[in-house]
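These are the residues of each chain, in order.
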Amino acid sequence: MNRTTPVSCNATLIVTSHRVFQPDLNEHESVFGGKILSLVDDSASVAAVRLTHKTVVTASFDHVSFLEPFHLDDSMFLEAYVTGTGTRSLEVFVKIIGENLTTSERFVGFTCFITYVIEDSRSTQPLPPVKPVTEEQRYIVSGYEKRTAQRKQRRTEQASLNHHVSTEFPWPL
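Every chain is numbered independently, its residues counted from 1 as its sequence is written. At least 70 in pLDDT is required for a residue's local features to be given in this predicted model, at least 80 for side-chain atom pairs to be given and counted, and no such filter applies to totals for whole chains, interfaces and linings, which use all residues. In computing side-chain values, all of the structure's heavy atoms are included and hydrogens and water are not.

**Some details on the overall build of the protein**
Then, number 1: Secondary structure elements follow DSSP: runs of H or I no shorter than four residues count as helices, runs of E no shorter than two count as strands, and numbering proceeds from the N terminus. Counting secondary structure elements, the protein contains four helices and seven strands.
Then, number 2: Counted from the first residue to the last, the protein has its helices and strands arranged as β-α-β-α-β-β-β-β-β-α-α.
Then, number 3: In terms of overall dimensions, the protein has a C-alpha envelope of 60 × 50 × 25 Å along the principal axes.
Then, number 4: Exposure is judged per residue with a 1.4 Å probe applied to protein chains only, and the accessible area is read against the type maximum: over 50% gives exposed, under 20% gives buried, and values in between give partly exposed. In the protein, buried positions account for 37% of the 173 residues.
Then, number 5: A sequence separation of at least 24 residues applies to 76% of the contacts in the protein between residues at least 6 apart.
Then, number 6: The Shrake-Rupley method, run with a 1.4 Å probe, gives the accessible areas here. Residue values count only the displayed protein chains as cover. Carbon and sulfur atoms provide 55% of the accessible area of the protein, an area that totals close to 10300 Å². Any pair of residues with heavy atoms lying within 4.5 Å of one another is described as a contacting pair.

**Focus: the sheet that holds strand β4 (residues 74-85)**
Then, number 1: Two strands form a pair only when DSSP identifies at least two bridges running between them. Strand order in the open sheet made by the five strands is β2-β4-β5-β6-β3, with antiparallel pairing throughout. At either end of the open sheet lies a strand with only one pairing partner, and these are β2 (14-19) and β3 (56-66). Strand-to-strand twist across the sheet, computed as the mean angle between neighbouring axes with direction ignored, equals 25 degrees.
Then, number 2: Across eleven bridges, strand β5 (residues 89-100) lies against strand β6 (residues 106-118) in antiparallel orientation. Bridge assignment links E99 to a residue of β6, and that residue is R106.
Then, number 3: Working convention: axes come from line fits to C-alpha atoms, limited for helices to the stretch in contact. Angles between N-to-C directions cover 0 to 180 degrees. Lying on the sheet, helix α3 (residues 135-142) is in contact with β4, β5 and β6; it crosses β4 at an angle near 50 degrees.
Then, number 4: Here helix α4 (residues 144-164) sits on the sheet and contacts β3, β4, β5 and β6; the angle it forms with β3, its principal contact strand, is near 105 degrees.

**Details of the layout of surface pockets**
Then, number 1: The rule is simple: put a 1 Å grid over the protein atoms alone, call a set of points where a 1.4 Å probe fits but cannot get out a cavity, call an open set with protein on both sides within 12 Å along at least five of seven lines a pocket, and count a residue as lining if it has an atom within 4 Å of a point. Grid points are joined across faces, edges and corners, and a volume is the space filled by probe spheres set on the points. In this model, the largest pocket occupies a volume close to 270 Å³.
Then, number 2: As for the largest pocket, its lining consists of 15 residues, and the residues nearest its centre are A59, S60, T115, R151 and R155.
Then, number 3: Going through the elements one at a time, β3, β5, β6 and α4 are the ones with two or more residues in the lining of the largest pocket.
Then, number 4: Residue contributions to the lining of the largest pocket peak at five residues, all from α4.
Then, number 5: Note on residue classes: Ala, Val, Leu, Ile, Met, Phe, Trp, Tyr, Cys and Pro are nonpolar, Asp, Glu, Lys and Arg are charged, and everything else, Gly too, is polar. Looking at the lining of the largest pocket, its residues break down into five nonpolar, five polar and five charged.
Then, number 6: A volume near 180 Å³ is recorded for the second largest pocket.
Then, number 7: Along the walls of the second largest pocket sit H63, F113, Y139, I140, S142, G143, K146 and R147, which together make up its complete lining.
Then, number 8: If you list the elements that add at least two residues to the lining of the second largest pocket, you get α3 and α4.
Then, number 9: With three residues, α3 is the single largest residue contributor to the lining of the second largest pocket.

**Some details on the pattern of salt bridges**
Then, number 1: Here, a salt bridge means any side-chain nitrogen of Lys or Arg that lies within 4 Å of a carboxyl oxygen of Asp or Glu. A complete count under the given rule lists ten salt bridges for this structure.
Then, number 2: Note that R122 is salt-bridged to D120, the shortest N-O span being 3.0 Å.
Then, number 3: On the basis of relative accessibility, which here comes to 69%, the residue R122 falls in the exposed class.
Then, number 4: For E135, the salt bridge is made with R138, and the minimal N-O distance between the two is 3.4 Å. With E135 and R138 both in helix α3, this residue pair falls three residues apart, about one helical turn.
Then, number 5: Residue classification places E135 among the exposed positions, given a relative accessible area of 56%.
Then, number 6: In the salt-bridge network here, residues are joined through shared partners; they are D62, E91, R147, R151 and R154.

Dropping the structure here:
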């Protein structure tokens, strides 16, 4: 892979589908958020590996939006593709389109961005840039630099918070 030749977002695109069943539901009769996050991370990592061809680990989830609930007998179509790259890190956009299987009504139920990092710290060659194909991809890729700056700011804030977080037992021994 030539690391300077852009890679089409579509070359990293993954699509999976899931039908909602009773065990997926929470007490509100909608899909449990943890179930959604697990499906998202499992599936989106494929998009990351399609670009890197290396083992990646999840570094962060951000801009997580549970927009509409998924209910029993809905289908969930998950799409994920790479929207920005660095040297060892890359961003993947994920959306889940719901479909009511009895009415055929479709809706955007979930979106987020996930940052993956190549596990091998010796990997120092920049990843190839991505090239958007669709209008959606052009819009999302255009915001990559801004989201990267926001993540950097949050990492600084998190480091400060971590400095003040206690590891002591919260109860008397």
